[in-house]
Amino acid sequence: MLARISYAFRETWASFKRNVTLTAAAVITSAVSLLLVGSTFLIQRAFDNLLTRWKGDVELIVYVRSDASPEQIAFIQEAIESQPTIIDVSKLRYLDQAESYAEAQKLFAGDPGTLRLLTPENIPSQFKVVPITDDSNLIRELGESFRGIEGVREVAYAQDVFDVVSRVSQFIRVATTVMSIVLLLVAIGLIWNTIRTAMFARRREIEVMKLVGATNWFIRIPFMLEGLLQGLIGGVLSCAGLWGLNTAWSNAVADFNDTELAALVVSDGYVRWVMIMLLVIGAAAGAIGSGIAASRFLDV
């Protein structure tokens, strides 16, 4: 058993050295395509983070000053609930400072610098408002009327965020997805061609092995292992690139005091999950390309 494993790895390494140019092309193409796949996931997660506060059809958020008195908070709530023809009072939600802080921990999970500035004592509480009307002008007028109430810190509108996020998110997602799929198919094709070339280069050796009784699977395994390793190495390189990109973005955002930008930072835990997925996709792509070639061109 150990002899067979040693043979498989020895032949795989020999094939790597024999087809350096094709192998390098397949690995680099795999790495670039997987980097695009990983970037697509991170971009989508970043935009999801940005929209966390707007879940549940929330169109308007009234932020209450951290030093507002209970009477001021009650007055703000009464003012909001006094508009039943515009606001769905049954869906009105008030997040106190502790709940707002818990939401901020999710929203700024990738930006510890911003989180360090926030505490359950200084973070503003908030009313999340779900309007009944679809008239954006009426919603904005309502929000502006809340600004003058004592204790209100800020009023934010979902439309301002959604207009930008939806357009940018859709364009980037479609563009990166298409490019990553095309490049991934190209990578599989390059791995397929690399294995095909390796099998043709060793066709006499394969004939001799078959004459002495070697099974098809015994012959295929080194070639399939070569393709799997090409995809896996591409996955490792893409993970390194993805980590570098996310680190550079996080550091760049940390220089700005913009909470909207801070929300676009992706946490390290999610990045690690994406990296594991890239390794699996890379190995699978390599295995598919080499498996097809090893099966199709075995009779050389």
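This one's a predicted model, so the numbers in the text were calculated from it and none came from an experiment. (Residues numbered from 1 in each chain as written. Predicted model: local features only at pLDDT ≥ 70, side-chain atom pairs only at ≥ 80, totals over all residues. Heavy atoms only, no water.)

**Some thoughts on the side chain of Ser39**
Here is step 1 of the chain: Tracing the backbone shows Ser39 in helix α2 (residues 20–50).
Here is step 2 of the chain: Polar side-chain contacts of Ser39 include one of 2.8 Å to the backbone oxygen of Leu35.
Here is step 3 of the chain: Setting aside residues no more than four positions away along its own chain, Ser39 makes contact with Leu242 and Leu245. (Helix = DSSP H or I, 4+ residues; strand = E, 2+ residues; numbered from the N terminus. Polar contact = N/O pair within 3.5 Å; in protein donor to acceptor, adjacent residues only side chain to side chain. Contact = heavy atoms within 4.5 Å.)

**Considerations on the packing of aromatic side chains**
Here is step 1 of the chain: With the rule as written, the count across this model stands at 3 aromatic pairs.
Here is step 2 of the chain: The structure contains a cluster of three or more aromatic residues connected by ring pairs, namely Phe41, Tyr270 and Trp273.
Here is step 3 of the chain: The ring of Tyr270 is capped by Arg45, whose NZ or CZ atom sits 4.2 Å from the centre of that ring. (Phe/Tyr/Trp six-rings, centres within 6.5 Å; stacked < 30°, edge-to-face > 60°. Lys NZ or Arg CZ within 6 Å of the ring centre and 35° of its normal.)

**Description of the sheet that holds strand β4 (residues 152–157)**
Here is step 1 of the chain: The sheet built from 4 strands is open, its strands ordered β2-β3-β1-β4 with antiparallel pairing. The strands lining the two open edges of the sheet, one partner per strand, are β2 (93–95) and β4. Strand-to-strand, the axes of this sheet are offset by a mean angle of 20°, without reference to chain direction.
Here is step 2 of the chain: Along the sheet face, helix α3 (residues 70–81) touches β1 (60–64), β2, β3 (125–129) and β4 and points at about 10° away from the line of β3. (Pairing = 2+ DSSP bridges. Axes fitted to C-alpha atoms, helices over the stretch in contact; angles between N-to-C directions.)

**Some remarks on a nonpolar patch on the surface**
Here is step 1 of the chain: A contiguous nonpolar patch, built from Val174, Val178, Val182 and Val186 and spanning about 310 Å² of accessible area, is present on the exposed surface.
Here is step 2 of the chain: Among the structural elements, Val186 can be located in helix α7 (residues 158–201).
Here is step 3 of the chain: By relative accessible area, Val186 is classed as partly exposed at 39%. (Patch = residues over 30% accessible without salt bridge, like charges linked within 9 Å, V, L, I, M, F, W, Y side chains within 5 Å. Areas by Shrake-Rupley, 256 points an atom, 1.4 Å probe, with all protein chains shown as cover. Salt bridge = Lys/Arg side-chain N within 4 Å of Asp/Glu carboxyl O. Buried < 20%, exposed > 50% of the residue type's maximum accessible area, 1.4 Å probe, protein only.)

**With respect to the confidence of the model for the protein**
Here is step 1 of the chain: Overall, the predicted model of the protein reaches an average pLDDT of 77, with 76% of residues at or above 70.
Here is step 2 of the chain: Considering each helix and strand of the protein separately, the mean pLDDT is smallest for helix α10 (residues 259–262), with a value of 57, and largest for α3, with 89. (pLDDT = per-residue confidence, 0-100.)

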